[in-house]
Amino acid sequence: METTGEMSEVPQTLKLLSAWPSMFCMRVLIALKLKRLDYEYQEEDLLNKSQFLLSSNPVHKKVPVLIHNDKPLCESLIIVQYIDEVWPSPPTRSPIVPADPYDRAIARFWADYVDNKFHEAAARLMRSPEGELQEQAKKDMLGCLAVFDELLRDLSLKGPFFGGQHIGLVDIALAPYLCWLHAFETIGAFKLLDEGRCPHLCKWANDVLENPCVKEALAIAPAYKVLEFTKVYRSMALGHE
Amino acid sequence: MATSNKEIVKLYSFCHSSCSFRVRIALAYKGISYEYIAINLSQGEQFSDDFKKINAFSTVPVLVDNGFIVSDSLAILEYLEEKYPEPSLFPADSKKRALVRQVVNNIVSSIQPLQNLNVLKKIEALAGSDERLKWAQYFIENGFIALEALLTTEAGKCCFGDKFSMADAVLIPQVYNARRFKVDMEKFPLLKRIAGFIEELPFVQAAKPEKQPDFVPLRP
């Protein structure tokens, strides 16, 4: 919550263009809720994108887009970091993005890893028919989770989250995939997050899902609904090959 | 629509009051900014007419949230937890929540009140200053023995696992009191370890007596 100054505050508007299955949109939702911000939520049909979305994100034509006082922002991790900067947490509460430059670089490294390694492999799982390509995607996803499990074990973390006692950038980057777990495991017919192999990550998952902001954000994408969605998505993706 | 609410939160507090310390920790943990209003208990400021209008009990802490007044540290903690559920001071599991409450209530009902200033003054009047110190030490140690045993199966970095909870917020001020009354913390290695970890967390550091605007060192 912001401290109030003597100046009157300029009214701010926030509008989020989002699609409920999108883990990228859920990241932004988590950040908005953590900062206790008021925002308008606009659901986009990704098969029939609104003109407003297309004009707000002409380069990628993707969600999420956060419109802050009529100015659009795109790319989920960029939006999350923007939110943290514009609405900074009081100094007693860890910011989403670490204040220390080295810690900040490390957090950004791992957030980047979620996108470029884990998400990339997950996308391959979604797009590949059963066979060698899918097996490789599964192997790569399992490899990523093993890395995260080790990270949780080795880092002298100040708490249960990658961000310590408070949810941080890496937690926000990774948490929405928990909605997709059931879908990944069903499509690939495998156990992706296994307590035996990744005990620390399983514990992290329990802790992060207990966070009220994460719980609320992820509630837009219940597991069964995501699975239905991915089946449709997959049949379209495989149909195009 | 507004994206920030103009919330005015005030806290009436005394730097050395362990009850105020609990609430300062919770406010810092939840990232709630507030105006600090010092009430010097050593100077009897809690008995002023002005303060009695705020709180007829003449105690600190008192939270004033946009005009709404609530006193009693536990009532304030529960209010803050309900109004600002993130980050939570409780685990999600109902059994763990019950144990957190058990620890909290043990300290706020069965340890701290027995070594409260008013009680100690009476003991000193009845039995002298040596007995005053022994009395405080006895009730703190008695409580700590039981806590040490309970938390053996629950503690990680914090009282309950690795996640900060209300138990930690209430324990560390009590450990401060223990040090003040020269309780030997070596007798309670688990509580000592937990306290050592908790007091380094940034939101606990910000809440410490020595960081408050009204800090003066305690008389030895």
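Above this note sits the structure.
Please read all numbers here as calculations on a predicted model, not as lab measurements.

On to the packing of aromatic side chains, then. Counting across every chain of the model gives 20 aromatic pairs over all chains. Arranged with centres 5.9 Å apart and planes meeting at 65 degrees, the rings of Trp20 of chain A and Phe229 of chain A form a pair that is edge-to-face. In this pair, Trp20 of chain A is assigned in the loop between strand 1 (14–18) and helix 1 (23–34) and Phe229 of chain A in helix 10 (residues 223–239), connecting sequence segments 209 residues apart. Here Phe229 of chain A falls in the partly exposed class, since its relative accessible area comes to 29%. For the ring pair Tyr138 of chain B and Phe139 of chain B, a centre distance of 4.9 Å and an interplane angle of 85 degrees mean the geometry is edge-to-face. Residue class for Tyr138 of chain B comes out partly exposed when judged on its relative accessible area of 47%. Linked through ring pairs, Phe109, Trp110, Tyr113, Phe148, Phe162 and Trp204 of chain A together constitute an aromatic cluster. For the cation-ring pair, Lys225 of chain A lies above Trp20 of chain A, with the distance from its terminal atom to the ring centre recorded as 4.4 Å. When the ring centre of Phe90 of chain B is taken as origin, the NZ or CZ atom of Arg101 of chain B, which lies over that ring, is 4.5 Å away.

All names here are of chain B. Two numbers describe how helix 1 (residues 18–29) lies on helix 3 (residues 73–83): the axes approach to 9 Å, and their chain directions differ by 10 degrees. It follows from the interaxial angle that helix 1 and helix 3 lie roughly parallel. For the pair helix 1 and helix 3, contact is made by Cys19, Arg22, Val23, Ala26 and Leu27 and by Ser73, Ile76, Leu77 and Leu80, respectively. Among the residues forming the contact of helix 1 with helix 3, the class breakdown is 7 nonpolar, 1 polar and 1 charged.

How each quantity is defined
Residues numbered from 1 in each chain as written. Chains lettered and ligands numbered in written order. Predicted model: local features only at pLDDT ≥ 70, side-chain atom pairs only at ≥ 80, totals over all residues. Heavy atoms only, no water. Phe/Tyr/Trp six-rings, centres within 6.5 Å; stacked < 30°, edge-to-face > 60°. Helix = DSSP H or I, 4+ residues; strand = E, 2+ residues; numbered from the N terminus. Buried < 20%, exposed > 50% of the residue type's maximum accessible area, 1.4 Å probe, protein only. Lys NZ or Arg CZ within 6 Å of the ring centre and 35° of its normal. Axes fitted to C-alpha atoms, helices over the stretch in contact; angles between N-to-C directions. Parallel < 35°, antiparallel > 145°, perpendicular 65-115°, else oblique. Contact = heavy atoms within 4.5 Å. Nonpolar A, V, L, I, M, F, W, Y, C, P; charged D, E, K, R; others polar.

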